[in-house]
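Residues per chain, in single letters:
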Number of protein chains: 2
Amino acid sequence: MGCGLVPMRVGFVQFKPVFGRKERNIKRILTLLEFGVREGADLLVLPELCTTGYRFKSKEEVRSLSENVPDGMTTETLIRYAEENGLYLVAGVCERSGERYFNSAVLVGPEGFIAKYRKAHLFNEEKLWFTRGDTPFQAYRIAKAKVGMMICFDWFFPEVIRILALEGAQIVCHPSNLVLPYCQSALLGAAVQNRVFIITANRVGSERGLRFTGMSQIIDPNMNVLAKGGRDREEVKVVEINPKLSDSKKVTERNDLWADRRVDLYKPLLKTLR
Amino acid sequence: MGCGLVPMRVGFVQFKPVFGRKERNIKRILTLLEFGVREGADLLVLPELCTTGYRFKSKEEVRSLSENVPDGMTTETLIRYAEENGLYLVAGVCERSGERYFNSAVLVGPEGFIAKYRKAHLFNEEKLWFTRGDTPFQAYRIAKAKVGMMICFDWFFPEVIRILALEGAQIVCHPSNLVLPYCQSALLGAAVQNRVFIITANRVGSERGLRFTGMSQIIDPNMNVLAKGGRDREEVKVVEINPKLSDSKKVTERNDLWADRRVDLYKPLLKTLR
């Protein structure tokens, strides 16, 4: 294989968990993952909080549905599946850590547990249940790419994808439970400004009065939407990409997006306003 | 007038300069500005390098067409027009400063010259002629709003609008000579992530083999496109906005986009990669 071309098959699993029914949801996820495996997926991204559901009503619910990571049912099941089927998975998990709870994502693969990311920017009622994340925005090497993670509302902060890209992520995995109408269009700019792939895996359906928007999508570094889900259906879509397309930050003969950054003018980014 | 509502009329002037014919271009601009004034504009944004044209072929061309700012023909003409008609203008100017040249924008109003901004991120051949900007990303108070400036390719760097918004800009004025196809869609996300208005004033037509994309636009903080130009026509569009809409960074009862920023996790933004 020449020219640094490493084709890779990546996808999203858009689905509808049932609140609180973890075993049922895990079973459904395993069924859906089969579709991805049959399409030769190397990496599949699942939604945020994909085995518990989203809309908690009490800390007690969070406590009883949360799990340790990686020693909990959701992560262990995903690790086993990744090992048996030789692929990588990113999925949202309701994490318990002592008396604290995090809205987290895990990255697992054939080699087992790789990393967890704890959501840094909590949305609305999540602030009642979860502690805001303390993990850095980081890129992890998997077999054919370097991947980063962010969760749902994190997209609203352009700093997140920017840092993931600066850290070397070629693919940003984005487990989501989106309810606002903006994200799918808004991330087009982030993909081209950072020259990364973005896989948003959203859920569908309603839960305790909240409607989720579906339309999971895969965007490439040239702002092309390679795959898109519908508004209501559960579905799995897998496309072939070349992650190395993300490595070149050149946009013209004389413009490299990293070399052109004016860090000398960017200090106000770190100022705090409240 | 109650409730902090300060309605304001803002617009773009999309037009086609003829390379090197400054007096002709200024005359054409003055004609087009009349349309904006008749529509009651408080603020009009003109394209990048709007009186010289864009595609220089030699430093000698740049030298002979460039002007001091504010003591040059373009800025002086715009100041006079702003004073006589009681409105604010932002326009791209080819600036001379001793032996250095900048791709600049000026902000002028009824009170005269207010500020200049020198393009921080130079695109392609501009690097042959211009010195990269040394002015900070800053917000300026005008009668009914606070405005910031960026020029064309600056949009590719999410840091720019982010800083302008953090500095208090409600409206980002964006004189442009766009040739790539991304900007118009890509800025949707920036508008909602920063809750600012963005006025992109692009040029149309071709010049020495470069084709400009038109489709100037005004986006609001909720990601609505309030006005859009065509691909080829010269046109002036003016809409009414409430700049104070930008002041609230609240997106839910519990989410304020400024308070929610995780500056503690953003330090990698200032790292330099080449």
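Given the structure is predicted, the values throughout are model-derived calculations rather than measurements.

Points about unusual backbone geometry
All names here are of chain A.
Stage number 1. P70 follows V69 through a cis peptide bond whose omega is 10 degrees.
Stage number 2. Looking at where P70 falls in the secondary structure, it is placed in the loop between α2 (59–65) and α3 (73–85).
Stage number 3. Located in the positive-phi region is C152, a residue other than glycine, with phi close to 35 degrees.
Stage number 4. If you trace the backbone, C152 turns up in the loop between β7 (145–149) and α5 (158–166).
Stage number 5. Backbone geometry places M223, a non-glycine residue, at a positive phi of 80 degrees.

Considerations on the sheet that holds strand β13 (residues 225–228) of chain A
Residue and element names in this part refer to chain A.
Stage number 1. Taken together, the six strands give an open sheet; going across it, the order is β6-β7-β8-β9-β12-β13, and neighbouring strands pair in mixed fashion. The outermost strands of the open sheet, each flanked by one partner alone, are β6 (139–142) and β13. Sheet twist, expressed as the mean angle between neighbouring strand axes with direction ignored, is 20 degrees.
Stage number 2. On the sheet, helix α6 (residues 183–194) packs against β8 (171–175), β9 (197–201), β12 (217–219) and β13 and is oriented at approximately 20 degrees with respect to β12.

Digging into the pairing of strand β3 (residues 88–97) of chain A
Residues and elements named next belong to chain A.
Stage number 1. Burial analysis of β3 places eight of its ten residues in the buried class, which makes it a mostly covered element.
Stage number 2. Bridge count between strand β2 (residues 43–45) and β3: three bridges; the pairing is parallel. Each residue of the ladder has a partner; that of V45, found in β3, is V90.
Stage number 3. Looking at chain direction, β3 and strand β4 (residues 100–109) are connected through nine bridges and run antiparallel. Note on β4: the bridge partner recorded for A91 is V106.
Stage number 4. Counting the residues between successive antiparallel strands, the hairpin from β3 to β4 contains two residues, one of them, G98, with a positive phi of roughly 65 degrees.

What to know about the sheet that holds strand β7 (residues 145–149) of chain B
Residues and elements named next belong to chain B.
Stage number 1. Pairing within the open sheet is mixed, and its six strands lie in the order β6-β7-β8-β9-β12-β13. Single-partner strands in this sheet number two, and they are β6 (139–142) and β13 (225–228). Shown here is a sheet whose adjacent strand axes are inclined to one another by a mean of 20 degrees, direction ignored.
Stage number 2. Sheet topology note: the β7/strand β8 (residues 171–175) ladder contains three bridges and is parallel. Opposite V147, over in β8, you have I171 as the bridge partner.
Stage number 3. Along the sheet face, helix α6 (residues 183–194) touches β8, β9 (197–201), β12 (217–219) and β13 and points at about 20 degrees away from the line of β12.

Each value, and the rule that gives it
- Residues numbered from 1 in each chain as written.
- Chains lettered and ligands numbered in written order.
- Predicted model: local features only at pLDDT ≥ 70, side-chain atom pairs only at ≥ 80, totals over all residues.
- Heavy atoms only, no water.
- Helix = DSSP H or I, 4+ residues; strand = E, 2+ residues; numbered from the N terminus.
- Pairing = 2+ DSSP bridges.
- Axes fitted to C-alpha atoms, helices over the stretch in contact; angles between N-to-C directions.
- Contact = heavy atoms within 4.5 Å.
- Buried < 20%, exposed > 50% of the residue type's maximum accessible area, 1.4 Å probe, protein only.

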